[in-house]
Amino acid sequence: MAKRKSITEGLELRPNGSWRRAEYIGGKRRFFTAKDPQQVWDKIRAAQAEQEQAELLAIQEQNAGPLFSQVCDEYSAQLAAMKNGTRKAYEPALRRAREQFGDYRMRQIEPYMISQWLKSLPYAATTVANHKSVLNNVFQLWVESPVWRGEENIAKKATMPRGLKRTKRPPPSDAQVEIVKANYLDPDALIAVAFLCTGERKGELCAVTLGDIDFDSKVIHITKSVEHINNRPHLRNFTKTEAGIRSIPLLDMLAEALQPYRHMPKGTYIVGLQQTPITACRYRRLWEHFWRKYDQATPRTRTKLRNGKPVKYTEWDIPVCSHQFRHEYVCMLCIAGVSMEIAMQLVGHANEKMIREVYLALKPEMISDARNRLNQALARVQ
């Protein structure tokens, strides 16, 4: 603003006795009016300073990148197209990440902030790892975006906290395995026998039909999976991983249990014995019915509102889930002396780390076998 000879220079005296001046600030024409000429100039300087501050903040924000919450919105759209299981694992982690970092801009977030947040999470290692994966995916989306063009994925620089609790699901108890083996010809046991003899994931076994089984060659072909969204089954022409598409041996116990149903159409699903994949509710009922039949379930009274009135009902706690039989299957492969390379292919994993760290449990038979082998080795040394 040029130096004035008098305080009223450049001001317009209005008929009501007030002074006014028009100024272009931020590309817009604005009028400043006051009874005192000095107040007009003070208002103009305040508006100019406010505009300069706003422009400075805009430049800083532009340099700091988009808001983390904006990138989360974009990632949410990608997450919606992922498998149901992935969504269920990642959506809570994305929500918590948004709550933590949503008001930050992408370049304002530093690795130490991510590390501190991960340490503060009250969860076991697998759940914390899901949170880190979500952060990694959000930052990678920012880096790869042709609009945002972020420089680096700083989530990769943050390390997982040490000492987190690692839960390991055990195989079923010996007593539970014996119940299945002793009653494998019971029609109600077919679902448990199928899991014991295949070690399949729930979704993959629910997609197996009689047509997928070569009874002459004693081979089961695993090529599909069923994904339950809410209650409804959705047949997918793929498995959980690429390694999941494979062929596994048809064990004699399962072949004998399936014998009464071989006359049924090839499209019959062996879990549920119907022409369509089983619903999630019917699957739970079949699993519950078998274990209740052999006194392996505990009743628990629940209350829910129906038409505004409390109604009591019984819910059953089942002490074992189908995935534990997948762990049992890996133990059986080990006891049978099947090599790790073959075991990986039969179980459908791309690497042996999952089998070693998650599935393989040290069973009494393995300890006994190790003792016998060591005694033999010791005897040869003597």
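Structural data are supplied above this passage.
These lines cover the structure that appears in this document, whether it is placed above or below.

### A word on the overall build of the protein chain
Across its full length, the protein chain holds 14 helices and ten strands. Taking 21 Å as the expected radius of gyration for a compact globule of 382 residues, we find that the protein chain reaches 33 Å, considerably beyond that expectation. C-alpha extents for the protein chain along the principal axes are approximately 110 × 70 × 40 Å.

### Things to note about the nonpolar core
In terms of nonpolar packing, the biggest core is built from 47 residues, with L254 and I270 touching the most fellow members. Counting residues per element, the ones that place at least two in this core are helix 6 (174-182), helix 7 (190-198), strand 5 (219-222), helix 9 (252-258), helix 10 (280-293), helix 11 (322-335) and helix 12 (340-347). Broken down by element, the residue count for this core peaks at eight residues, all from helix 7. Contact partners of L254, with chain neighbours within four places excluded, come to L190, V193, A194, C197, T198 and I220. Of all hydrophobic cores here, the second largest spans 29 residues; its members include L79, Y90, V128 and F139.

### Thoughts on the packing of aromatic side chains
Using the criterion set out here, one finds twelve aromatic pairs in the structure. Centroid distance W287 to F325: 6.0 Å. Interplanar angle 85°. Geometry classified as edge-to-face. One end of the pair, W287, is in helix 10; the other, F325, is in helix 11, with 38 residues separating them in the sequence. Judged by relative accessible area, W287 falls into the buried class, the value being 6%. With 5.2 Å between their ring centres and 55° between their planes, F290 and Y294 make a pair best called tilted. The class of F290 is buried, set by a relative accessible area of 0%. On the basis of relative accessibility, which here comes to 22%, the residue Y294 falls in the partly exposed class. Ring pairing ties together the aromatic residues F195, Y283, W287, F290, W291, Y294 and F325, which thus form one cluster. In this structure, R262 packs its charged tip against the face of F215, placed 4.0 Å from the ring centre. Sitting over the face of the ring of Y313, K304 holds its NZ or CZ atom 5.0 Å from the ring centroid.

### Section: the side chain of T239
For T239, the location among the structural elements is in the loop between strand 7 (232-236) and strand 8 (246-249). Given the relative accessible area of 4%, T239 is considered buried. Among the polar contacts listed, one links the side chain of T239 to the backbone nitrogen of I245, at a separation of 3.4 Å. Those residues within four positions of T239 in sequence are excluded, and the remaining contacts are K83, E204, I222, T223, K224, S225, G244 and I245.

### Some details on the pairing of strand 5
Because side chains alternate across strand 5, one face comprises the buried residues I220 and I222, and the other comprises V219 and H221, none of which is buried. Both strand 4 (residues 213-214) and strand 5 contribute to a ladder of two bridges, which runs antiparallel. Each residue of the ladder has a partner; that of I213, found in strand 5, is I220. The turn joining strand 4 and strand 5, which pair antiparallel and follow one another in sequence, is formed by four residues; a positive phi near 60° is taken by K218. Strand direction decides the pairing type here: strand 5 and strand 8, joined by four bridges, are antiparallel.

### So, the state of the cysteines
The tally for this structure, following the rule as stated, stands at zero disulfides. Unpaired in terms of disulfides, C281 finds its nearest cysteine sulfur in C206, a separation of 13 Å. Counting only cysteine sulfurs, C331 is the nearest neighbor of C334, a cysteine outside any disulfide, at a range of 7.3 Å. A relative accessible area of 37% means that C334 is categorised as partly exposed.

### As for the packing of helix 3 (residues 84-101) against helix 5 (residues 125-144)
Running from amino to carboxyl end, helix 3 crosses helix 5 at an angle of 70°, the nearest separation of the two axes being 9 Å. Between helix 3 and helix 5, the interaxial angle falls into the category roughly perpendicular. Here helix 3 and helix 5 pass one another in a crossing that is right-handed. Together, A89, Y90, A93, L94, R96, A97 and F101 of helix 3 and N130, H131, S133, V134, L135, N137 and V138 of helix 5 make up the contact between the two elements. Tallied by class, the residues present in the contact of helix 3 with helix 5 amount to nine nonpolar, four polar and one charged.

### What to know about the pairing of strand 3 (residues 28-34)
Taken together, the seven bridges between strand 2 (residues 19-25) and strand 3 define a ladder with antiparallel strand orientation. Residue pairing for strand 3: E23 is matched across the bridge by R30. Counted between consecutive antiparallel strands, the loop separating strand 2 from strand 3 contains two residues, among which G26 sits at a positive phi close to 65°.

### Examining the sheet that holds strand 4
Spatial ordering of the open sheet is given by 4-5-8, a layout of three strands whose pairing is antiparallel. Two strands close off the open sheet at either side, each with one partner strand: strand 4 and strand 8.

### Focus: the pattern of salt bridges
Overall, the coordinates contain 19 salt bridges when judged by the stated rule. When the shortest N-O distance is used, the salt bridge between E178 and K181 registers 3.4 Å. Of the two residues, E178 and K181 are both situated in helix 6; the distance of three residues between them amounts to about one turn of the helix. The partner of R302 in a salt bridge is E315, and the shortest N-O contact between them spans 3.2 Å. One end of the pair, R302, is in strand 9 (residues 298-306); the other, E315, is in strand 10 (residues 309-317), and 13 residues separate them in sequence. R302 gets classed as partly exposed once you look at its relative accessible area, which sits at 33%. With a relative accessible area of 28%, E315 lands in the partly exposed category. Because the salt bridges share partners, they merge into one network encompassing E200, R201, E204 and R246.

Procedures and definitions
Residues numbered from 1 in each chain as written. Predicted model: local features only at pLDDT ≥ 70, side-chain atom pairs only at ≥ 80, totals over all residues. Heavy atoms only, no water. Helix = DSSP H or I, 4+ residues; strand = E, 2+ residues; numbered from the N terminus. Rg over C-alpha atoms; globule rule 2.2 N^0.38 Å. Core = buried A, V, L, I, M, F, W, Y, C linked by side-chain atoms within 4.5 Å. Buried < 20%, exposed > 50% of the residue type's maximum accessible area, 1.4 Å probe, protein only. Contact = heavy atoms within 4.5 Å. Phe/Tyr/Trp six-rings, centres within 6.5 Å; stacked < 30°, edge-to-face > 60°. Lys NZ or Arg CZ within 6 Å of the ring centre and 35° of its normal. Polar contact = N/O pair within 3.5 Å; in protein donor to acceptor, adjacent residues only side chain to side chain. Pairing = 2+ DSSP bridges. Disulfide = S-S within 2.5 Å. Axes fitted to C-alpha atoms, helices over the stretch in contact; angles between N-to-C directions. Parallel < 35°, antiparallel > 145°, perpendicular 65-115°, else oblique. Left-handed = near helix turned anticlockwise from the far one by under 90°. Nonpolar A, V, L, I, M, F, W, Y, C, P; charged D, E, K, R; others polar. Salt bridge = Lys/Arg side-chain N within 4 Å of Asp/Glu carboxyl O.

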